[in-house]
Amino acid sequence: MKITGRLKKMNRTLLEMQAGMLFFGLVCQIAGVFFVDNQGYYAASLWFGIAFAFVASIHMYRTLDRALLFGADASKLVTRGYMFRYVVFAAALVLVALTEVMNPIIFFLGYMSLKVTAYLQPITHKLCNKLFHETDPVPEPLPEEDGLQS
């Protein structure tokens, strides 16, 4: 019960994104069992990329949250945050490629879980609703919109 209470306090969109990343990582890990010879190398590369995506999602959430307070300068803040994330990712990708400690393509696959999560969001949203025993509110028209629909 403590875990679900902590998860309920977490930003719901961020939670759903990270759940999608974990799901994508598990699917990729299971697929790797059938197609990859060096399991440890594959797993380290994949999960390091997913960990990087986790950190990027938290940075994205914090950047967007701060941008809401900035008003007219919000687009500059969001652009700076976007550029920072991708420069750090590019540097990590180059470092991984140069050192050959991990596979850069699999690292990239793990990082792309950030993108795949957008497509998985309806599924993770339904799962989170079931986990927390919640339902989405039914949208209702505002009072001034009632006359426009007739």
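To be clear, the structure that these remarks concern was listed above.
This write-up is about the structure you can find in this document. (Residues numbered from 1 in each chain as written. Predicted model: local features only at pLDDT ≥ 70, side-chain atom pairs only at ≥ 80, totals over all residues. Heavy atoms only, no water.)

1. Details of a nonpolar patch on the surface
Right, on to step 1. Residues I30, V33, F34 and F35 make up a contiguous nonpolar surface patch of roughly 510 Å² in combined accessible area.
Right, on to step 2. For F34, the location among the structural elements is in helix α2 (residues 12–35).
Right, on to step 3. With relative accessibility at 63%, the residue F34 sits in the exposed group. (Patch = residues over 30% accessible without salt bridge, like charges linked within 9 Å, V, L, I, M, F, W, Y side chains within 5 Å. Areas by Shrake-Rupley, 256 points an atom, 1.4 Å probe, with all protein chains shown as cover. Salt bridge = Lys/Arg side-chain N within 4 Å of Asp/Glu carboxyl O. Helix = DSSP H or I, 4+ residues; strand = E, 2+ residues; numbered from the N terminus. Buried < 20%, exposed > 50% of the residue type's maximum accessible area, 1.4 Å probe, protein only.)

2. Re the packing of helix α4 (residues 74–99) against helix α5 (residues 104–111)
Packed helices, taken two at a time, are described by their axes: the angle between them and the distance between them.
Right, on to step 1. Packing of α4 against α5 brings their axes to within 9 Å, and their N-to-C directions diverge by 150°. Relative to α5, the element α4 is oriented roughly antiparallel. Contact with α4, carried on its side by Y86, F89, A92, L93, V96 and A97, involves P104, F107, F108 and Y111 of α5 and no other residues of that element.
Right, on to step 2. Among the residues forming the contact of α4 with α5, the class breakdown is ten nonpolar, no polar and no charged. (Axes fitted to C-alpha atoms, helices over the stretch in contact; angles between N-to-C directions. Parallel < 35°, antiparallel > 145°, perpendicular 65-115°, else oblique. Contact = heavy atoms within 4.5 Å. Nonpolar A, V, L, I, M, F, W, Y, C, P; charged D, E, K, R; others polar.)

3. A look at the pattern of salt bridges
Right, on to step 1. Under the definition given, this model contains two salt bridges.
Right, on to step 2. One salt bridge connects E16 with R12, and the closest N-O pair in it is separated by 3.2 Å. With E16 and R12 both in helix α2, this residue pair falls four residues apart, about one helical turn.
Right, on to step 3. We note a salt bridge from R12 to E134, for which the minimum N-O separation is 2.7 Å. Taken together, the positions of R12 in helix α2 and E134 in the segment after α6 (113–131) put the pair 122 residues apart, joining distant regions of the chain.
Right, on to step 4. Look at E134 and you get partly exposed, because its relative accessible area is 32%.
Right, on to step 5. Residues joined in a network through salt bridges with shared partners are R12, E16 and E134.

4. A few points about α4
Right, on to step 1. Helix length check: α4, at 26 residues, gives a terminal C-alpha distance of 38 Å against a target of 38 Å (1.5 Å per residue), a fit within 8%.
Right, on to step 2. Of all the residues in α4, the buried ones are A74, L77, G81, R85, F89, A92 and V96. (Expected span 1.5 Å × (residues − 1).)

5. A look at the environment of F107
Right, on to step 1. For F107, the location among the structural elements is in helix α5.
Right, on to step 2. Filtering out sequence-adjacent residues up to four positions away, F107 remains in contact with S45, F48, G49, F52, F89, A92, L93 and V96.

6. Topic: the side chain of E16
Right, on to step 1. Classification of E16 as buried rests on a relative accessible area of 2%.
Right, on to step 2. What E16 contacts, discounting residues up to four positions off in sequence, is T117, Q121, T124, H125 and C128.

7. So, α6
Right, on to step 1. Taking 1.5 Å of rise per residue, the 19 residues of α6 would be expected to cover 27 Å, yet its terminal C-alpha atoms sit only 22 Å apart, more than 12% below that figure.
Right, on to step 2. Of all the bends in α6, the greatest reaches close to 65° and is centred on L120; the proline P122 follows between one and four positions later.
Right, on to step 3. Every buried residue of α6 is accounted for by S113, L114, T117, L120, T124, C128 and N129.
Right, on to step 4. As for α6, its buried residues are in contact with α2, α3 (39–70) and α5. (Bend = angle between axes of the 7 residues up to and from the residue.)

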